[in-house]
Amino acid sequence: MNLYKLGLVDAPWKYDNMQQNDPKRGGITYPTLTMKELYDIPLGNAFDKDSILVVWVTHPKLMDSFYEKYNPLSIIGSWGFRPVTTLFTWVKLNKSGIGYYSGLGRYTNSNTELAIVARKGKGLPRVNKNVKQLIFAPIGDHSSKPKEQYERLFSLYGDIPRVELFARDSNPPPSGWDATGLDYDRVDIREWIEQYAGESYA
């Protein structure tokens, strides 16, 4: 079995806020998993002993790390990775590419999202030391992330075995990436990891 060196994750977090879980109110349009369900997936078994995981997370969900046992940072840890820093900050532009997108938010109007980088073992060396953190890019379909992320990850780590997990058919990865996700290939990530890494955790 070939283990991956780089992973990209846009996890289907389940939110406490009902609006964020309701597609009719502009919320999530794909199946979600509870934080405990995400925590229990042995995702790290698909990755090499020295590898990198990049995980997209919204600001409200990241704040769960201060008061919830099952939160994005503890979940990343349960997957065998150590969160290190913010790799990308996506500044969302309107679909036209002109002007900043303005979400509602509960305090200020939300228009950025973070990608956390985490390492397993020694992680990976950079092949390019000029990759920037800020990404200015238009929003797409719900939860779609900027295409520029793939170019920057390639520039940062090179042509290595890489996979996008929880991928979505509205925003498929480019050639060179493996991908799986219930909304992408109709495969549950829990079934995929059991088949790919030979791990049963039921």
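Our structure is the block above this text.
Remember, it's a predicted structure, so these values are computed and weren't measured experimentally. (Residues numbered from 1 in each chain as written. Predicted model: local features only at pLDDT ≥ 70, side-chain atom pairs only at ≥ 80, totals over all residues. Heavy atoms only, no water.)

Participant: Tell me about empty space enclosed by the protein, residues and numbers included.
Facilitator: Using the criterion set out here, one finds one cavity of 30 Å³ or more in the structure. Of the voids in this model, the largest cavity is the one considered here, and its volume is about 90 Å³. Taken together, the residues of the lining of the largest cavity break down into five nonpolar, six polar and four charged. (1 Å grid on protein atoms, 1.4 Å probe; cavity = no way out; pocket = protein on both sides within 12 Å on 5 of 7 lines; lining within 4 Å. Points joined across faces, edges and corners; volume = space filled by probe spheres on them. Nonpolar A, V, L, I, M, F, W, Y, C, P; charged D, E, K, R; others polar.)

Participant: Describe the pattern of salt bridges, listing the residues and the values that go with them.
Facilitator: This model, assessed by the stated rule, comprises 13 salt bridges. For Lys145, the salt bridge identified is with Asp10, shortest N-O distance 2.8 Å. Pair noted here: Lys145 is in the loop between β5 (134–138) and α4 (148–157) and Asp10 is in the loop between β1 (4–9) and α1 (35–39), with a separation of 135 residues, a long-range link. Both residues of the pair, Lys145 and Asp10, count as buried. (Salt bridge = Lys/Arg side-chain N within 4 Å of Asp/Glu carboxyl O. Helix = DSSP H or I, 4+ residues; strand = E, 2+ residues; numbered from the N terminus. Buried < 20%, exposed > 50% of the residue type's maximum accessible area, 1.4 Å probe, protein only.)

Participant: Could you give an account of the nonpolar core, with specific residues and numbers?
Facilitator: Among the nonpolar cores identified, the biggest contains 30 residues, and Val9, Trp13, Leu38, Ile41, Trp79, Leu165 and Phe166 are the most heavily contacted of them. Core analysis: the second largest hydrophobic core is formed by 20 residues, Leu6, Leu8, Trp90 and Ile160 among them. (Core = buried A, V, L, I, M, F, W, Y, C linked by side-chain atoms within 4.5 Å.)

Participant: Can you explain the packing of aromatic side chains? Please cite residues and give values.
Facilitator: The full count for this structure, using the stated rule, is seven aromatic pairs. Geometrically, the ring pair formed by Tyr39 and Tyr70 is edge-to-face, given 4.9 Å between the ring centres and 70 degrees between the ring planes. Here the residue Tyr39 occupies a position in helix α1, and Tyr70 occupies one in the loop between α2 (59–63) and α3 (72–78), the gap between them amounting to 31 residues. The partly exposed category is assigned to Tyr39, whose relative accessible area is 30%. The interplanar angle of 10 degrees and the centroid separation of 5.0 Å between the aromatic rings of Trp192 and Tyr196 together place this pair among those described as stacked. In this pair, Trp192 and Tyr196 both sit in helix α5 (residues 189–197), four residues apart, roughly one turn of the helix. Overall, the relative accessible area of 13% leaves Trp192 in the buried class. Through successive ring pairs, a cluster of aromatic residues spans Tyr4, Phe47, Phe81, Trp192 and Tyr196. (Phe/Tyr/Trp six-rings, centres within 6.5 Å; stacked < 30°, edge-to-face > 60°.)

Participant: Account for the sheet that holds strand β3 (residues 82–93), naming residues and giving values.
Facilitator: As summarised here, the arrangement of the seven strands in space is β5-β3-β4-β2-β1-β6-β7, forming an open sheet in which the pairing is mixed. Either end of the sheet is taken by a strand with one partner, and the two such strands are β5 and β7 (178–180). Averaged over all neighbouring strand pairs, the angle between strand axes comes to 20 degrees, with direction disregarded. As defined by bridge partners, β3 adjoins strand β4 (residues 112–120) across eight bridges and the pair is classed as antiparallel. Considered in β4, the bridge of Trp90 is made with Glu113. (Pairing = 2+ DSSP bridges. Axes fitted to C-alpha atoms, helices over the stretch in contact; angles between N-to-C directions.)

Participant: Which residues make up a nonpolar patch on the surface, and what values do they have?
Facilitator: A cluster of nonpolar side chains, namely Met63, Phe66 and Tyr67, defines an oily patch on the protein surface of about 410 Å² accessible area. Among the secondary structure elements, Tyr67 is positioned in the loop between α2 and α3. Looking at Tyr67, the relative accessible area reads 57%, which means it is exposed. (Patch = residues over 30% accessible without salt bridge, like charges linked within 9 Å, V, L, I, M, F, W, Y side chains within 5 Å. Areas by Shrake-Rupley, 256 points an atom, 1.4 Å probe, with all protein chains shown as cover.)

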